Number of protein chains: 2
Amino acid sequence: MPDPSKRTICIGLAGFGNVGAGVYANLEKNADLLRERTGTEMVVKHIVVRDPAKPRAIEPPAGLLTTRWRDLIEDGAVNIIVELIGGTTEAFELVKESLLAGKIVVTGNKALLAERGRELFALAGKTGVPIYFEAAVAGGIPIIKTVQEAFVGNRIESMHAILNGTCNYILTRMSQAGISYEEALREAQELGYAEADPELDVSGWDAAHKALILASLSYGFWIRTEDVYVEGVSELEPMDFQFAALLGHTIKLLSVIRVDGKKQVEVRTEPSLLPKSHVLASVNGVYNAVLVRGDIVGETLFYGRGAGQNPTSSSVISDLADAAVALANGARHTGFVPHGLYGKSKPLEETTAAYYIRIPVRDEAGVLSQVTGVLGKLGISIRSAVQPDESFAGASMLVFTTHEVASGRMWEAVEAISGLDCVAGRPVWLRVESMND
Amino acid sequence: MPDPSKRTICIGLAGFGNVGAGVYANLEKNADLLRERTGTEMVVKHIVVRDPAKPRAIEPPAGLLTTRWRDLIEDGAVNIIVELIGGTTEAFELVKESLLAGKIVVTGNKALLAERGRELFALAGKTGVPIYFEAAVAGGIPIIKTVQEAFVGNRIESMHAILNGTCNYILTRMSQAGISYEEALREAQELGYAEADPELDVSGWDAAHKALILASLSYGFWIRTEDVYVEGVSELEPMDFQFAALLGHTIKLLSVIRVDGKKQVEVRTEPSLLPKSHVLASVNGVYNAVLVRGDIVGETLFYGRGAGQNPTSSSVISDLADAAVALANGARHTGFVPHGLYGKSKPLEETTAAYYIRIPVRDEAGVLSQVTGVLGKLGISIRSAVQPDESFAGASMLVFTTHEVASGRMWEAVEAISGLDCVAGRPVWLRVESMND
């Protein structure tokens, strides 16, 4: 029974998959606590589903279900719309119509924000209706609130983050059990950590979308997807973990955000070698972590479950509580505050990194000199070289690490090396992150 | 120059020590960013100092300085008072008068809140004027905002935290360099990590104050200082770190907050053995960390600098930004929301823990059986025993770890053991934290 002494917020929940069902169940479970802490009754009035007849583990009253998201827009009593339907077309329409109807939006849709955030936040600014999206990045970790509110007075110098639990599970298993990418993916799928179609995760794009959002919030302009560098994890082989270990490193799908002296912003997501001794190297399984360096606060780390029904619904509920305040008192801001203090992405080819490169070569004389010749001609200096005695899948391997080099130069080198006669297959190259900046 | 298109908040800064000077300097340094992100000009109008003539590393315009904090209360233009004078008497008056005058309070004073938070938040509730205090706990780590806002929908199951950088520095050095408590303290003082009078830190009370605040926020009633269990670090010896290492553990000044099945809340701060493999065991030097378990979000960790001019001023500035929103739109809440969902502290003697106990004994026959006899009679079961061959400062040592036991029972045992003829000195006993709950 709603308590009549409390304000009521009326929620339209669009999407009742894993996270949507978690939001509904947890709002019920902890209703007493939320009522006391927020002074608000949070009432779910509609739930949009594809098939109302489908049996569900969490079964809301049938009267709440609808298949039309426009019902939520059209119901004048609904204050807040929670968008959890996913995708970027119907979800875009829903968010747009919500803002135009003056209904606050809470969303966990990172792809939508990454690809169309610029338009949506412009509309939020014009209508004065906020969008909340804590659940879009790093599940239950309150990193959006941290960047927007707790670190509001900080210039963000860099972030280094593990933002995709699926990939982190796969890489953890490849590293610890020595199994192949395919086996690790299959395991992740069996455990429910990976989708049947894992492409968005393993391509690196899910993490890249989250990094794009964090960078945009940090630097005050909405970054374009084409200015983000992304590499996935599907080409890694167990031997890469072995070589990395020899070099004192492990491999993580790492998102790096940083800004240079000219205020150009760099956003990359790629499998990267990390020193084993660094705290991020110990973030295993489905956990996420974000290391933030601010000019005032220094180095801080946030760690927790980056996905899953409960952690993600914790963030949605936090947004609902903030939305309740915004409804009662006026919003703090509309979700994203653009400004001109930075305003430019760094051209990808000018970004720099140290690299690990593994080259399958024919077992013949002069190979090393041919390969190092290419690197030398391009001015890429070698930090270390490993040439294991054993062969891998029939090929000998040459492994180098380089000093810091412009990425464009490195891509040129990989191209040139691939064309050498003595090279027997596609080189694998990975960033080596020293964690010193 | 203030931008006339922006709102202005007018700040009275009481205290210009390390943190106060940092707040002033960082507000200046990042004024452009704060203006863009908050839409607010943050103007410091008065600074309360003891001696205006004293030379300062950060030198504000002389016109801002005053020795009377009442100037801040009496100036109708001042909206927000930042209390950084410390202590619990004058600071109490200042905060009380601020609230009565309708001026929002931002404070970093953990002792004040721990000891007199109940009264102050009652007054904040009555006047409707909020108190912000992110800087009071864990320096730059936004743990107050996280507990109050991000985890608003979570029942907090437990927190395990390292909350005092001074003690953590001392214990890190004792563990890693094998030096004595006195040497490590002197080092900390030389590096500016410990005060000339380190009592508040090394007694455990500074960390205990912070734990009390976190627990009060989590469980909706203001916990009394007499319901908090506190032990300091000054009796630890290098050999305790050696024995802990033999047992696969390290020693940290650990604050533990947890709630039992009867909704009784336990708050303790004491040097504790932690498994070396646990992430908190790797939190070294002046860093702080808080591990929070929420019923929805699961396990999360927050890590950063727990003290110091810049990290702490990052939190003060975050509070100023929130205060600016409260001024413009109305406050979210007054700083602490009491409710009756928990409401009781667990009697200290009923709290349970596993223990490490080190007993200096005479080198004679029958010692082991006398000591184990006492433990057995009190129903305390031994998990492991170590009797090193060497002697330490002339005495032989007996080291036990126990299974979980009511703390009251353990204190009885220590009393009884101390009275045995074969015991040559005061036993040292420490909690052993398995980190499983």
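About the criteria used
Residues numbered from 1 in each chain as written. Chains lettered and ligands numbered in written order. Predicted model: local features only at pLDDT ≥ 70, side-chain atom pairs only at ≥ 80, totals over all residues. Heavy atoms only, no water. Helix = DSSP H or I, 4+ residues; strand = E, 2+ residues; numbered from the N terminus. Rg over C-alpha atoms; globule rule 2.2 N^0.38 Å. Buried < 20%, exposed > 50% of the residue type's maximum accessible area, 1.4 Å probe, protein only. Contact = heavy atoms within 4.5 Å. Areas by Shrake-Rupley, 256 points an atom, 1.4 Å probe, with all protein chains shown as cover. Lys, Arg positive; Asp, Glu negative; His and termini not counted. Charge placed at Lys NZ, Arg CZ, Asp CG, Glu CD. Salt bridge = Lys/Arg side-chain N within 4 Å of Asp/Glu carboxyl O. pLDDT = per-residue confidence, 0-100. Phe/Tyr/Trp six-rings, centres within 6.5 Å; stacked < 30°, edge-to-face > 60°. Lys NZ or Arg CZ within 6 Å of the ring centre and 35° of its normal. Pairing = 2+ DSSP bridges. Axes fitted to C-alpha atoms, helices over the stretch in contact; angles between N-to-C directions. Buried area = accessible area lost by both parts, 1.4 Å probe. Polar contact = N/O pair within 3.5 Å; in protein donor to acceptor, adjacent residues only side chain to side chain. Core = buried A, V, L, I, M, F, W, Y, C linked by side-chain atoms within 4.5 Å. Least-squares fit on C-alpha atoms with pLDDT ≥ 70 in both. 1 Å grid on protein atoms, 1.4 Å probe; cavity = no way out; pocket = protein on both sides within 12 Å on 5 of 7 lines; lining within 4 Å. Points joined across faces, edges and corners; volume = space filled by probe spheres on them. Nonpolar A, V, L, I, M, F, W, Y, C, P; charged D, E, K, R; others polar. Arc of directions from axis to C-beta. Parallel < 35°, antiparallel > 145°, perpendicular 65-115°, else oblique. Left-handed = near helix turned anticlockwise from the far one by under 90°.

J.: Would you take a moment to explain the overall build of chain A for this structure?
T.: Looking only at helices and strands, chain A has 14 helices and 18 strands in total. In terms of C-alpha radius of gyration, chain A reaches 24 Å, essentially the compact-globule figure of 22 Å for 437 residues. The principal-axis extents of the C-alpha atoms in chain A amount to approximately 85 × 50 × 35 Å. Out of the 437 residues belonging to chain A, those deemed buried represent 61%. For chain A, the proportion of contacts with a sequence separation of at least 24, taken over those separated by at least 6, is 75%. Here chain A has roughly 16200 Å² of accessible surface; of this, 49% comes from carbon and sulfur atoms. For chain A, the distance from the average position of its 41 positive side-chain charges to the average position of its 53 negative side-chain charges is 5 Å.

J.: Which parts of the structure should I look at to understand the pattern of salt bridges?
T.: Where charged atoms of side chains with opposite charge meet at close range, the side chains can pair. All names here are of chain A. Using the criterion set out here, one finds 48 salt bridges over all chains in the structure. A salt bridge links E74 to R68; its shortest N-O distance comes to 3.4 Å. Between R258 and E404 there is a salt bridge; the shortest N-O distance is 3.9 Å. Of this pair, R258 sits in strand β9 (residues 249-259) while E404 sits in the loop between β16 (396-402) and β17 (405-406), and the two are 146 residues apart along the sequence. Overall, the relative accessible area of 12% leaves R258 in the buried class. One salt-bridge network, in which partners are shared between bridges, spans R258, E266, R268, E270, E404, R431 and E433.

J.: I keep staring at the confidence of the model for chain A and nothing clicks. Help me out?
T.: Atomic detail in the predicted coordinates should be set aside for any region of low pLDDT. Looking at chain A as a whole, the pLDDT averages 94, with 99% of positions reaching at least 70. Scored as a complex, the prediction yields pTM 0.96 and ipTM 0.94.

J.: How should I be thinking about the packing of aromatic side chains in this particular structure?
T.: One pair of aromatic rings is described through two measures. These are the centre distance and the angle between the planes. Tallied over the full model, the rule gives 21 aromatic pairs over all chains. Summarising the aromatic geometry, the rings of Y229 of chain A and W411 of chain A are spaced 5.3 Å apart at their centres and angled 20° between planes, so their arrangement reads as stacked. On the criterion of sequence distance, the pair formed by Y229 of chain A in strand β8 (residues 228-230) and W411 of chain A in helix α14 (residues 407-418) is long-range, its members being 182 residues apart. Its relative accessible area of 25% is what places W411 of chain A among the partly exposed residues. Between F16 of chain B and Y24 of chain B the ring centres are 5.9 Å apart and the planes differ by 65°, which places this aromatic pair in the edge-to-face class. Overall, F16 of chain B belongs to the buried group, its relative accessible area being 12%. Ring pairs connect the aromatic residues F121, F133, W222 and F336 of chain A, which therefore count as one cluster. One cation-aromatic arrangement involves R116 of chain B over F92 of chain B; the distance from NZ or CZ to the ring centre is 3.5 Å. Taking the ring centre of Y342 of chain B as reference, the NZ or CZ of K263 of chain B above it sits at 6.0 Å.

J.: Hey, could you run me through the sheet that holds strand β5 (residues 104-107) of chain A in this one?
T.: Note on sheets: strands pair through backbone hydrogen bonds, and any given pair is parallel or antiparallel. All names here are of chain A. Taken in spatial order, the 6 strands make up an open sheet running β3-β2-β1-β4-β5-β6, and their pairing is parallel. Each of the sheet's edge strands pairs with one partner strand only, and the pair in question is β3 (65-66) and β6 (131-132). Looking at chain direction, strand β1 (residues 7-14) and strand β2 (residues 40-48) are connected through 8 bridges and run parallel. Bridging from a neighbouring strand, A14 pairs with V48 of β2.

J.: It is not clear to me how the sheet that holds strand β6 (residues 131-132) of chain B should be interpreted in this structure. Could you clarify?
T.: Residues and elements named next belong to chain B. The sheet built from 6 strands is open, its strands ordered β3-β2-β1-β4-β5-β6 with parallel pairing. Each edge of the open sheet is held by one strand with a lone partner, namely β3 (65-66) and β6. Sheet strands in contact with helix α4 (residues 90-100) are β1 (7-14), β4 (80-83), β5 (104-107) and β6, and its direction is about 165° off that of β4.

J.: Just to check I follow, could you spell out the interface of chain B and chain A for this structure?
T.: A common measure of how large an interface is: the accessible area buried when the components associate. Opposite the 50 residues of chain B that make contact, chain A presents 50 residues. Across the chain B to chain A interface the summed buried area is about 4600 Å²; carbon plus sulfur atoms make up 54%. Linking chain B to chain A there are 6 salt bridges. Between E149 of chain B and K145 of chain A there is a salt bridge, with the nearest N and O atoms lying 2.7 Å from each other. On the surface where chain B and chain A come into contact, there are 27 residue pairs in polar contact (both at pLDDT 80 or more).

J.: In this structure, what is going on with the side chain of N168 of chain A? I would like to understand it.
T.: Locating N168 of chain A in the fold gives a position in helix α7 (residues 165-177). You can call N168 of chain A buried: its relative accessible area is 2%.

J.: Explanation requested: the environment of E115 of chain B in the structure shown.
T.: Residue and element names in this part refer to chain B. Assignment of secondary structure puts E115 in helix α5 (residues 110-127). We classify E115 as partly exposed; its relative accessible area is 44%. Spatially, the C-alpha atoms of E115 and I223 are 9.2 Å apart, while their sequence positions differ by 108 residues.

J.: Teacher, can you tell me more about the nonpolar core here?
T.: For soluble globular proteins, the rule of thumb is that nonpolar side chains tend to be buried together. Counting residues in each nonpolar core, the largest one holds 231 residues, and the members touching the most others are I143 of chain A together with I143 of chain B. Apart from residues lying up to four places away in sequence, I143 of chain A is in contact with E134, V137, A138, L214, V290, V292 and F302 of chain A. Grouped together as the second largest cluster of nonpolar side chains are 24 residues, A289 and L291 of chain A together with I162 and L301 of chain B included.

J.: Can you walk me through the relation of the copies chain B and chain A in this structure?
T.: One copy of the chain maps onto the other through a rotation about an axis plus a displacement along that axis. Superposing chain B onto chain A takes a rotation of 180° combined with a translation of 0.0 Å along the rotation axis, leaving an RMSD of 0.0 Å. The superposition operator between the copies reduces to a two-fold rotation axis. A high fraction, 100%, of the interface residues of chain B reappear at the interface in chain A, so the copies pair face to face through one surface.

J.: Would you explain empty space enclosed by the protein in this entry?
T.: Here the idea is plain: a probe the size of a water molecule rolls over the atoms and shows the empty space left. Going through the model one piece at a time under the given rule, you end up with 3 cavities of 30 Å³ or more. As a volume, the largest cavity reaches approximately 560 Å³. Lining the largest cavity we find 34 residues, and of these E149 and R332 of chain A together with E149, D322 and R332 of chain B sit closest to its centre. Broken down by secondary-structure element, the contributors of at least two residues to the lining of the largest cavity are β6, α6 (143-150) and α12 (309-329) of chain A together with β6, α6 (143-150) and α12 (309-329) of chain B. Counted by class, the lining of the largest cavity contains 14 nonpolar, 8 polar and 12 charged residues. The volume enclosed by the second largest cavity comes to roughly 130 Å³. Around the second largest cavity, the lining residues are V147, Q148, V152, L217, G220, R332, H333, F336, V337 and H339 of chain A together with R37 and T38 of chain B.

J.: Even after reading the chapter, I still don't get the pairing of strand β2 (residues 40-48) of chain B, so can you show me in this structure?
T.: Residues in a regular strand point their side chains to alternate faces of the sheet. Residues and elements named next belong to chain B. For β2, the buried fraction is high: 7 of the 9 residues fall into the buried class. Pairing analysis gives 2 bridges linking β2 to β3, with the strands arranged parallel. Its bridge partner lying in β3, I47 is registered against L65.

J.: Help me understand helix α8 (residues 181-190) of chain B in this model?
T.: Side chains three or four residues apart in an α-helix point the same way, a direct result of the helix having 3.6 residues per turn. Residues and elements named next belong to chain B. Among all positions of α8, only Y181, A184, L185 and A188 are buried. One side of α8 carries all its buried residues, which in axial view fall inside an arc of 100°. Buried residues along α8 sit against α7 (165-177) and α9 (199-202).

J.: Looking at this structure, I do not really get the pairing of β16 of chain A. What am I missing?
T.: All names here are of chain A. Of all 7 residues in β16, 7 are buried; the element is thus mostly enclosed. Every second residue of β16 is oriented toward a common face, with S396, L398, F400 and T402 on one face and M397, V399 and T401 on the other, all of them buried. As paired strands, strand β14 (residues 352-361) and β16 are joined by 6 bridges and run antiparallel to one another. Opposite Y356, over in β16, you have T401 as the bridge partner. Bridging between strand β15 (residues 382-386) and β16 involves 4 bridges; their strand directions are antiparallel. By the bridge assignment, A385 is partnered in β16 with F400.

J.: When you look at the packing of α5 of chain B against helix α10 (residues 205-219) of chain B in this model, what are you seeing that I'm missing?
T.: Any two packed helices are characterised by the angle at which their axes cross and by the distance between the axes. Residues and elements named next belong to chain B. Between α5 and α10, whose axes approach to 9 Å, the crossing angle comes to 55°. Of the possible angle classes, the one that applies to α5 and α10 is oblique. Relative to α10, the crossing made by α5 is left-handed. Each of K110, A111, L113, A114 and E115 in α5 lies in contact with α10, whose residues at this interface are D206, H209, K210, L212 and I213. Residues of the contact of α5 with α10, tallied by class, amount to 5 nonpolar, 1 polar and 4 charged.

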